[in-house]
Structures are given as C-alpha cells and as structure tokens.
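Chain by chain, the residues:
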Amino acid sequence: MNILILGGGGREHALAWAIRQNPKCDRLIVAPGNAGIVNVAECADLNILSRAEVLEFAQENAIDFVVIGPEAPLAAGVSDALRDAGFLVFGPSQAAAQLEASKAFTKEICDACGAPTAAWARFTDAASARDYVSAQGAPIVVKADGLAAGKGVTVAETVDQAHVAIDAIFDGEFGEMSVVIEEFMAGEEASFFILCDGTDCLSIGTAQDHKRVGDGDTGPNTGGMGAYSPAPILTPALQDQVMAQIVRPTVAEMAARGMPFQGVLYAGLMIQDGRARLVEYNVRFGDPECQVLMMRLGGQVLDLLLACAEGRLAGTSVNWADDHALTVVMAARGYPGAYRKGSIIKGLDTLSETSFAMTFHAGTTAKDGHIIATGGRVLACTGRGATLAEAHARAYAQVDALDWPEGFCRRDIGWRAL
Ligand code: AMP
Ligand code: GLY
C-alpha cells in the first residue's frame, strides 16, 4: 500500500514509525514531515490545509490510504475532499470534527445523549458572560469557542480572573465571537483513545499527560510536556463506564445527526470519587500521547486504522502486551513563551532506536549536516518496558545522552503513577 500521513510533529513521527513496521506498508510519505521522520518515510512539502493540494498530491502518488494527524486539516475539510474523490481516509469529516473545533457543539451533543460533563452556558457578548460569572462565583472555567491550540481555556480561581479572560476573548485575542462558561470540575485528569468507524468503537489505550511546563505541575500550560500509558486511574470498570455513558452515546448521537464520527476520539476525562465526566473531546491523537500509544501498539496500528476507515471495527481487536510506555518532551528554552529557533542538537546519533526506546522528532530540521531545533516542542524521548519505572529509565536515558544546552524538559514525568 502507498500511505500518506499528514502532519510533521512527534505524533506523526510515532504514527509513521509504527505504520512502517507493518508489512502492508510499501511506500510511506509524510507531509510535511521533519528531520526525524525522514529516517522512516519520504517527506513531501505540501500545504496540508489545502484540500486541492492534498487531493492532487494523493492522486499523483497513487495513494491508497491517508492518515490525518493534526486537527487543522480535519477542521478544514481535507478528509471530506479526499473521501469525495474516492480515497480511503483515517480521520473525521469536517462536520464530525466539530467535536473538537467547537466547545458549544460538544456540550450540545453531551446534553442530547446524556453524557456526564460540566454544567455550561454559552454567551455571544461580554456583558452577559460577565454577569453570569458574577452570579455563579469562582472557581469557574472560561473557554473560547473554537480551536485555540490549547490556549483558549482559563481555569479562573477568582471572578476577576474570569472577567479578564472573557474580555480577552471578546477583544479578539482568539478571533472568537462566543464564549463557553463551565462549572469547575475537581479531580484527576486522564485521556482515553477510542477508534470509531461511525457505528462501532474500539478502545486503543489510556494515557495521562503533563500540561504544565514546570516540575511539580507548575507554570503555564503547554501542548504537553510528557505522557505515559496506561493511565492506572482509568481502571477497566471506569473504562466501561466511559464507553457506556459517554463514548457510545456520542457516536450514536453523531450518527443520528447524519455526521458519523470516523477516526480516533480522544476523550479528556475528569475522574473523581470513582466516576468519570467528560472535559473535552479531541478528534485526533494527542501529542505526545500518540508517542506512548504507538510505542505500545507497534505495527498492528496500520491494521487498526484500516479497519476503522473501512468500517470493520466490529470484527477487530487489539493485541495487548502487558507493558508501559513513557515519553519526555524536550522543548526549546522559553517555550511555551518566546523561544529561539536554530540551535544545534548533538548526540542524536549516539541513541539506538529500538522497539523499547525511540526519540521521536517534533520540531526539527536538517541543515548543513546538523539537526537543528525549529519548534517549541522539539523531541519526544520515549521508552517502553515491563514496568513504568523501566519505561521511565529508558526515556530519561535518551534525554541524558543528548547534548543540547538550549533545550529543557521536566524531570518528573510519570510522578503520579511511579
Ligand atoms: P480543554 O481544552 O477543554 O481540554 O481544557 C484544557 C484544560 O483545562 C483541561 O485539560 C483541564 O485541565 C482544564 N479544564 C477544562 N475544563 C475544565 C472544567 N470544566 N473543570 C476543570 N478543569 C477544566
Ligand atoms: N497533549 C494534548 C493534546 O494533544 O491535545
């Protein structure tokens, strides 16, 4: 098969690494890719937000299967353009991608199907939103209603903070015109990944990530500084509750509305007193959660993604190993604020890449014989083992073998579970 993966981060490196291991994969192209992905696939320079460009590329290269990594091409309808032209695609339609692109849409779906989530209200002007927050009190959560790269959410500890967040949204910081205000949910967060083919669902793993930039969960939020899988808090009983009360009702509701969900549903959950509620959905793999999932699933991932895209999940199962994976993100100093691009990363060639240790690239470029950092999150050092402690040791051994003074990482990834 000729396979095209859209994206160029650590998530796509992990997807490409796993898919490459499957004998069904003949030719693998990743667009745009990065300096790590070139070791497992061809990279192609392509505007992945352009339906026309992606379609033309898929036609010219006789692509049999397209896997869409990030949310932006999904929200732009790239999957629809490909499917309309007869391509087999992994990833939801533009309509179904609203589960990530619109907070209000997801809340309406939850209400319609009875999925447990935080109480909410939506406002299209600042004054009503401010009044509502004053009446509700704090803590309270303020969300811009759209894709904001994880930056549109404020968990406000005071009413004043919530008012500031509301004003920022209506001042156009995110180009948004509406705001969703939510009840604050206390508890522990975990992520659950489920393949859905429009009708049937198949769990492919749990993970926990670390959103704050600093050790001890301090400092500003990021796209994720590390993750591990499985998430011990998501017990089999809790997974059953989430499938029965949240995931299956959502998938049925989407189908009933004529927008069946096909792809991976990433359910962000809040767990308290043995009960899970939905925080949010994403309609793609998490980054860096994908790195730990791929490390555990390996080459079978291609068969699972194909079964999903072809509507065959009912007859499909996952081959689980009793293992653990953990990934540590190395970021450029300054991230998630301003950071410098172009520093040289040394030591990558000393690392051996195996099914137990992989350094996935997120923001790298090859230049003049060096690998240079060109993103905020730059590498995901990932280990697998029979225990989480083993996976942890293998991930940090990669970190410690690198010579990159301009980079940093958290030293406490996995602390809750270790
Ligand atoms: P979201 O983009 O909706 O996932 O929000 C980002 C983060 O904000 C989540 O991972 C949570 O840590 C936090 N958050 C969002 N909504 C709530 C809520 N209703 N209660 C508590 N924390 C929340
Ligand atoms: N790591 C969080 C995300 O991918 O949204």
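How each quantity is defined
Residues numbered from 1 in each chain as written. Chains lettered and ligands numbered in written order. Predicted model: local features only at pLDDT ≥ 70, side-chain atom pairs only at ≥ 80, totals over all residues. Heavy atoms only, no water. Buried < 20%, exposed > 50% of the residue type's maximum accessible area, 1.4 Å probe, protein only. Helix = DSSP H or I, 4+ residues; strand = E, 2+ residues; numbered from the N terminus. Pairing = 2+ DSSP bridges. Contact = heavy atoms within 4.5 Å. Axes fitted to C-alpha atoms, helices over the stretch in contact; angles between N-to-C directions. Salt bridge = Lys/Arg side-chain N within 4 Å of Asp/Glu carboxyl O. Near = heavy atom within 4 Å. Polar contact = N/O pair within 3.5 Å; in protein donor to acceptor, adjacent residues only side chain to side chain. Areas by Shrake-Rupley, 256 points an atom, 1.4 Å probe, with all protein chains shown as cover. Nonpolar A, V, L, I, M, F, W, Y, C, P; charged D, E, K, R; others polar. 1 Å grid on protein atoms, 1.4 Å probe; cavity = no way out; pocket = protein on both sides within 12 Å on 5 of 7 lines; lining within 4 Å. Points joined across faces, edges and corners; volume = space filled by probe spheres on them.

**Brief notes about the pairing of strand β7 (residues 140–144)**
Of all five residues in β7, five are buried, a share of seventy percent or more. Of the two faces of β7, both are covered, the one formed by I140, V142 and A144 as well as the one formed by V141 and K143. Pairing of β7 with strand β8 (residues 153–156) involves four bridges; the strand directions are antiparallel. Considered in β8, the bridge of V142 is made with T154. Note that β7 and strand β9 (residues 179–183) share five bridges and pair antiparallel. Within β9, the residue paired with K143 across the bridge is V180.

**Concerning the sheet that holds strand β5 (residues 88–90)**
Read from one edge of the open sheet, five strands run β3-β2-β1-β4-β5, paired in parallel fashion. Each edge of the open sheet carries a strand with a single partner, namely β3 (42–43) and β5. Where strand β2 (residues 27–32) and β3 come together, two bridges link them in parallel fashion. In the strand pairing of β3, I29 is matched with E42. Sheet strands touched by helix α11 (residues 300–309): β1 (2–7), β4 (65–68) and β5. Its angle to β5, the strand with the most contacts, is close to 115°.

**Notes on the side chain of S93**
Relative to the helices and strands, S93 is located in the loop between β5 and α5 (98–101). With residues near it in sequence (within four places) discarded, S93 still touches L74, S79, D80 and R83.

**Quick word on the pattern of salt bridges**
Using the criterion set out here, one finds 20 salt bridges in the structure. Note that E182 is salt-bridged to K143, the shortest N-O span being 3.1 Å. Of this pair, E182 sits in strand β9 while K143 sits in strand β7, and the two are 39 residues apart along the sequence. Note on accessibility: E182 and K143 belong to one class, buried. Here D323 makes a salt bridge to R296, at a shortest N to O gap of 2.8 Å. Note that D323 is positioned in the loop between α11 and β17 (324–332) and R296 in helix α10 (residues 289–297), a separation of 27 residues in sequence. Of the residues examined, D323 reaches a relative accessible area of 6% and is grouped as buried. Among the charged side chains, a salt-bridge network with shared partners connects E71, E100 and R284.

**Brief notes about the site of ligand 1**
In the vicinity of ligand 1, 15 residues are found, and the nearest of them are K143, E182, M185, E189 and E280. In the environment of ligand 1, an oxygen atom lies 3.2 Å from a nitrogen or oxygen atom belonging to the side chain of K103. Surface burial for ligand 1 is 90%, taken as the share of its 470 Å² of free accessible area covered by protein chains. Counting only elements with at least two residues in the shell around ligand 1, the list comes to β7, β8, β9 and β16 (275–282). For the shell around ligand 1, a count of residues per class yields eight nonpolar, no polar and seven charged.

**Focus: empty space enclosed by the protein**
Taken as a whole, this structure holds two cavities of 30 Å³ or more when the rule is applied. Of the volumes computed, that of the largest cavity is approximately 80 Å³. As for the largest cavity, its lining consists of L99, E100, S102, K103, T106, K107, K143, E182, V279, E280 and Y281. For the lining of the largest cavity, the secondary-structure elements that each account for two or more residues are α5, α6 (103–113) and β16. Its residues assigned to classes, the lining of the largest cavity comprises three nonpolar, two polar and six charged. Empty space within the second largest cavity amounts to approximately 40 Å³. Taken together, L15, V67, I68, G69, L74, F90, G91, P92, V264, V283, R284 and F285 make up the lining of the second largest cavity. By residue class, the composition of the lining of the second largest cavity is nine nonpolar, two polar and one charged.

So yeah, pure geometry; function would need other evidence.
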